[in-house]
Amino acid sequence: MIIENDELELDKNVFNTLKKNITQLEKNNARDKNYAPDELTSEIKKRIERLVDGN
Amino acid sequence: MKIESISLQNFRQYIGKQEINFSTDDDKKVTVLVGDNTAGKTTLIRAFEWCLYRKNGFKDPILLNKDVAQSLEVNESQDVIVTVVLTNKEFRDDELCEVKYKIERKQSYICTGKTYDEKNQLQSVITESGQMRGSIHRLNSDGQTISEVESGLVNKVIDGILPRDLSDYFFVTGERVGSITDDADLKESVRGLMGIDVLENAKDHLKKIVNGYNSALKKSGNVDVEKAQSTKETKQKQLEGIEKQIEELKDTIAYYENEKVECAAELKKNQSAIDDQKRREQLEKIIKELESDTVSGKAGVVSAFSSPTAYAFFMRPLKKKIIELMDKYEKDIETVPDMTQTSIDYLINVRKVCICGTHISEGSAAHQCLLLERKKMPPENIGSIAKRFKNYTTTYIDSADGYFGAIDSQYKSYRATRKQLGYKREEKQDLDKNIGKDDVDIKKLNDDYKEAVQKLETKSQELRKLYEQQGSIKKEISNCDKTIAQFLKSDKVNSKLKNYLMYAQALYTEFNDEYMQKESSVRKDLELMVNSVFNKVYHGTRTIMINTKYQVQYLEKLDESDGLKAVKNLSFISGLIELAKESMEESDLVEVTEFPLVIDAPFSNIDGTHIKNISTIIPATADQVIIAVMKEHWEAAEKDMEQYVGKKYVIKKDVDSVGKEKETSTHVLDLEV
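Being a predicted model, the structure only gives us computed values, none of them experimental.

Draft legend 1. Region of the structure containing the overall build of chain B. A tally of helices and strands in chain B yields 20 helices and 14 strands. A burial count over chain B gives 46% of its 673 residues as buried. Contacts in chain B between residues at least 24 apart in sequence constitute 72% of all its contacts with a sequence separation of at least 6. Surface summary for chain B: the accessible area is close to 35,200 Å², and the carbon and sulfur share equals 49%.

Draft legend 2. Structural detail: the overall build of chain A. Counting its secondary structure elements, chain A contains two helices and zero strands. By residue count, 47% of the 55 residues in chain A fall in the buried class.

Draft legend 3. Local environment of a positive patch on the surface. A surface patch of like charges, here positive, comprises K298, R415, R418 and K419 of chain B. Looking at the positive patch, the element that brings in the most residues is helix α15 (residues 403-438) of chain B, giving three residues.

Draft legend 4. Geometry of helix α7 (residues 196-216) of chain B. Compared with the 30 Å implied by 1.5 Å per residue over 21 residues, the 30 Å span of α7 of chain B between its first and last C-alpha is a close match. Among all positions of α7 of chain B, only I196, V198, L199, A202, K203, H205, L206, K207, I209, V210, Y213 and N214 of chain B are buried. Where the residues of α7 of chain B are buried, they touch α1 (12-32) and α2 (37-52) of chain A together with α6 (187-194), α8 (223-269) and α17 (495-537) of chain B.

Draft legend 5. Focus on the packing of aromatic side chains. Residue and element names in this part refer to chain B. Applying the stated criterion across every chain yields a total of 14 aromatic pairs over all chains. Here the aromatic rings of F11 and F58 are separated by 6.0 Å at their centres, their planes lie at 65°, and the arrangement is edge-to-face. Of the two residues, F11 is situated in strand β1 (residues 2-11) and F58 in the loop between α1 (41-53) and α2 (66-71); the sequence distance between them amounts to 47 residues. Summarising the aromatic geometry, the rings of F314 and Y403 are spaced 6.5 Å apart at their centres and angled 70° between planes, so their arrangement reads as edge-to-face. Remark: Y403 occurs in helix α15 and F314 occurs in helix α10 (residues 308-328); sequence separation between them is 89 residues. Given a relative accessible area of 47%, F314 falls into the partly exposed group. Given the relative accessible area of 7%, Y403 is considered buried. By the ring-pair criterion, three or more aromatic residues cluster together here, those being F305, F313, F314, Y403 and F404. Sitting over the ring of F58, R12 keeps its end group 4.0 Å from the ring centre. Against the face of F58 rests R46, its NZ or CZ located 5.4 Å from the ring centre.

Draft legend 6. Region of the structure containing the packing of helix α12 (residues 341-351) of chain B against helix α13 (residues 365-375) of chain B. Residue and element names in this part refer to chain B. The contact between α12 and α13 brings their axes to 9 Å, and the two run at 165°. The angle between α12 and α13 falls in the class roughly antiparallel. Once α12 is placed against α13, the crossing between them reads as left-handed. Judged by residue contacts, Q341, I344, D345 and I348 of α12 engage H367, L370, L371, R374 and K375 from α13. A breakdown of the residues in the contact of α12 with α13 according to their chemical character gives four nonpolar, two polar and three charged.

Draft legend 7. Seen up close, the pairing of strand β5 (residues 95-116) of chain B. Residues and elements named next belong to chain B. Alignment of β5 against strand β6 (residues 122-139), held across 15 bridges, turns out to be antiparallel. Within β6, the position partnered with Y109 by the bridge is E128. Connecting β5 to the next strand, β6, in antiparallel fashion are five residues, including N120 with a positive phi near 65°.

Draft legend 8. How the structure looks around the nonpolar core. By size, the foremost hydrophobic cluster in this structure holds 128 residues, and its most contacted members are I48 of chain A together with I6, L33, F171 and I627 of chain B. Tallying contributions element by element places α17 of chain B first for this core, with 17 residues.

Draft legend 9. Summary view of a nonpolar patch on the surface. A contiguous nonpolar patch, built from Y311, M315 and L318 of chain B and spanning about 310 Å² of accessible area, is present on the exposed surface. Structurally, L318 of chain B can be placed in helix α10.

Draft legend 10. Spotlight on the environment of H633 of chain B. Residues and elements named next belong to chain B. If you trace the backbone, H633 turns up in helix α20 (residues 631-641). Owing to a relative accessible area of 18%, H633 belongs among the buried residues under this scheme. For the pair H633 and F603, spaced 30 residues apart in sequence, the C-alpha to C-alpha distance is 6.2 Å.

Draft legend 11. View of the pattern of salt bridges. Residue and element names in this part refer to chain B. Per the stated rule, a full pass over the model turns up 26 salt bridges over all chains. The salt bridge involving E291 is made with R425; its shortest N-O contact spans 2.6 Å. Of the two residues, E291 sits in helix α9 (residues 271-306) while R425 sits in helix α15, which places them 134 residues apart along the sequence. Taking relative accessible area as the criterion, E291 reaches 30% and is therefore assigned partly exposed. Residues R316 and D401 are paired through a salt bridge, measuring 2.8 Å at the closest nitrogen-oxygen approach. Placement of R316 in helix α10 and of D401 in the loop between α14 (383-399) and α15 is noted, with a sequence separation of 85 residues between them.

Draft legend 12. Geometry of a negative patch on the surface. Negative charge collects at one region of the surface, where D36, E632, E635 and E661 of chain B lie side by side. In this fold, E635 of chain B is placed in helix α20.

Draft legend 13. The arrangement of the interface of chain A and chain B in detail. Across the contact, 32 residues belong to chain A and 40 residues belong to chain B. Each partner contributes to the roughly 3,400 Å² buried at the junction of chain A and chain B, and carbon and sulfur atoms together form 63% of this total. Taken together, the links from chain A to chain B amount to three salt bridges. A salt bridge links K19 of chain A to E510 of chain B; its shortest N-O distance comes to 3.4 Å.

Draft legend 14. Quick look at α6 of chain B. All of the buried residues in α6 of chain B are S189, V190, R191, L193 and M194 of chain B. G195 of chain B occupies a position one or two residues after α6 of chain B and carries a positive phi of about 85°.

Draft legend 15. Layout of the environment of G471 of chain B. By the secondary structure assignment, G471 of chain B is in helix α16 (residues 442-490). Considered as a pair, G471 of chain B and L239 of chain B are 232 residues apart in the sequence and their alpha carbons are 9.3 Å apart.

Draft legend 16. Representation of the confidence of the model for chain A. Across chain A, pLDDT averages 81, with 84% of residues at or above 70. This stretch, residues 1-7 of chain A, has a pLDDT under 50; its non-local contacts, to residues over four places away or in other chains, come to 12 contacts.

Procedures and definitions
- Residues numbered from 1 in each chain as written.
- Chains lettered and ligands numbered in written order.
- Predicted model: local features only at pLDDT ≥ 70, side-chain atom pairs only at ≥ 80, totals over all residues.
- Heavy atoms only, no water.
- Helix = DSSP H or I, 4+ residues; strand = E, 2+ residues; numbered from the N terminus.
- Buried < 20%, exposed > 50% of the residue type's maximum accessible area, 1.4 Å probe, protein only.
- Contact = heavy atoms within 4.5 Å.
- Areas by Shrake-Rupley, 256 points an atom, 1.4 Å probe, with all protein chains shown as cover.
- Patch = residues over 30% accessible without salt bridge, like charges linked within 9 Å, V, L, I, M, F, W, Y side chains within 5 Å.
- Salt bridge = Lys/Arg side-chain N within 4 Å of Asp/Glu carboxyl O.
- Lys, Arg positive; Asp, Glu negative; His and termini not counted.
- Charge placed at Lys NZ, Arg CZ, Asp CG, Glu CD.
- Expected span 1.5 Å × (residues − 1).
- Phe/Tyr/Trp six-rings, centres within 6.5 Å; stacked < 30°, edge-to-face > 60°.
- Lys NZ or Arg CZ within 6 Å of the ring centre and 35° of its normal.
- Axes fitted to C-alpha atoms, helices over the stretch in contact; angles between N-to-C directions.
- Parallel < 35°, antiparallel > 145°, perpendicular 65-115°, else oblique.
- Left-handed = near helix turned anticlockwise from the far one by under 90°.
- Nonpolar A, V, L, I, M, F, W, Y, C, P; charged D, E, K, R; others polar.
- Pairing = 2+ DSSP bridges.
- Core = buried A, V, L, I, M, F, W, Y, C linked by side-chain atoms within 4.5 Å.
- Buried area = accessible area lost by both parts, 1.4 Å probe.
- pLDDT = per-residue confidence, 0-100.

Now the structure itself:
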């Protein structure tokens, strides 16, 4: 919905990759409990920044 | 997830170390373990439960094999170990790969002394030594350890693979097949299995990130943006409150929907009792009317007996007798009415002319006639009076002519009313007995049903209002977002942060929408799925309902056989698995891609039709089936299941030196398939 909004100028590929990554992180954590909640928030934030910056 | 093997060391009657490898083939997915009663079939299921979930379902909690325990010297110890190796398809570094887990549970036991039992035999006194330990190793395909799960996380990781709350649905002992729908609230586990918890956690984390970026943005100096930001924060708090209320209301609505359905089903089931109660109410009304009619009818009869006509009626025989007697003397009393001897004397002596105009001279025929007539008249004769009395009596008798008919009809009517009253009272007594026997408070049921309908209406209205408010607040937030986005677009200082924020915001919205949608639909979807499986194997008209705790129930509360219970519960398991798989395909949210079913004695107390049904459901339900059965039950099911059998074992009790089966040790023997 938001991806199609030109005003926000989101890259659909980046968005989809991020969505997949976050889903995976959450799934893995539901299974492995690798991260505490705050650590996982930081990890997701890092992933967003890395992908948005194109790294 | 598929179970590759289980290894048991001194676990109950499984003496020494024994390993069973299960079929993991996609087509030949069934492993059969055939064994007599008490050979160790249920113990095997319990070994899985102990290893994975630390459940100890035995009356005697000592798990150490009795023969081993007996052989221990004082202060000597021995371990009970159960190891389960399973493979799970998981995403690792964005790749779907097969991960092997070795899950081990260990408990040490120590012999603290020796004592004589009631048979005067020396027995070891055994107690646990140290804590129960669990470990999980991730293995590569060669069985080498890649990593070990931190000990504090062992149980959480197992829960992540297959939740403990749902274990009853995947590790099913014989007695549980029929009673699997216990009081456990499965909501959270089903949410986990469907991936809803993943969505919820993702949206919560993203929200924190969005809030963090918003705080970090330098918006000072721009009044409009600061105002938009402040409004947005306020509105978001309101939105959270409303969304919480919506969720609570949805639960309430689901509760009343459930209540409504249950009351309707109960009312339907008790239709005859309802009819009886209605009839009783009608009868109570009729009896009241009849009682009133009886009282008035009785009063009418009593009043009729007290009336003057009654006297006339009851005097009729006497008066008729009088008239009969008087008729005998008719000629003697026949005279000119109302004339007296004085009148005749006046005609003879004074007037000398009769009324008819004839002259009366002494000795003439007219004179003689008048003298004769004079003799019948008063005062010398009462003939005239008697004549008058007769006429009056006749009239009096005639007046009672209709009386008998009237009182007869009145009395008959009174009797008929009383008879009717008696019948109705008897009918009511029978109904009272019936209604009392059922002991169903129909009025309360009706009231509960009406209350549920009314509450549903009220709560649905409240929900609609909340949705309207939610929509309106979302619109306001969206307007604020636009203002902020416009500012960020033109602002060079925050160029990096604004990009992060936009993605984080868009991701939050995406996860939140998906979470809301899934949360509201999963129970209905599960219900549809379970009914779809159930209808394939059950040819009756029953419908399965999933309540707010995700427990499985019939819509109609009717009796069910053990076989039907098993079919219903296995339909639930099947539906749950199907929905989880469907959910996984749709959204990539569910980690578990394969589901095992470990089931003991599913055919006990079940007739042939249901054995066939269950034999059809079980292989269709799960990706792997481990089934423990008695020989005769397997013979009944084999025809329908043999095409799926990949491995087959016999669980056999050991025999002692004289060939007698031992209760304390058993072995699993591999059979060729």
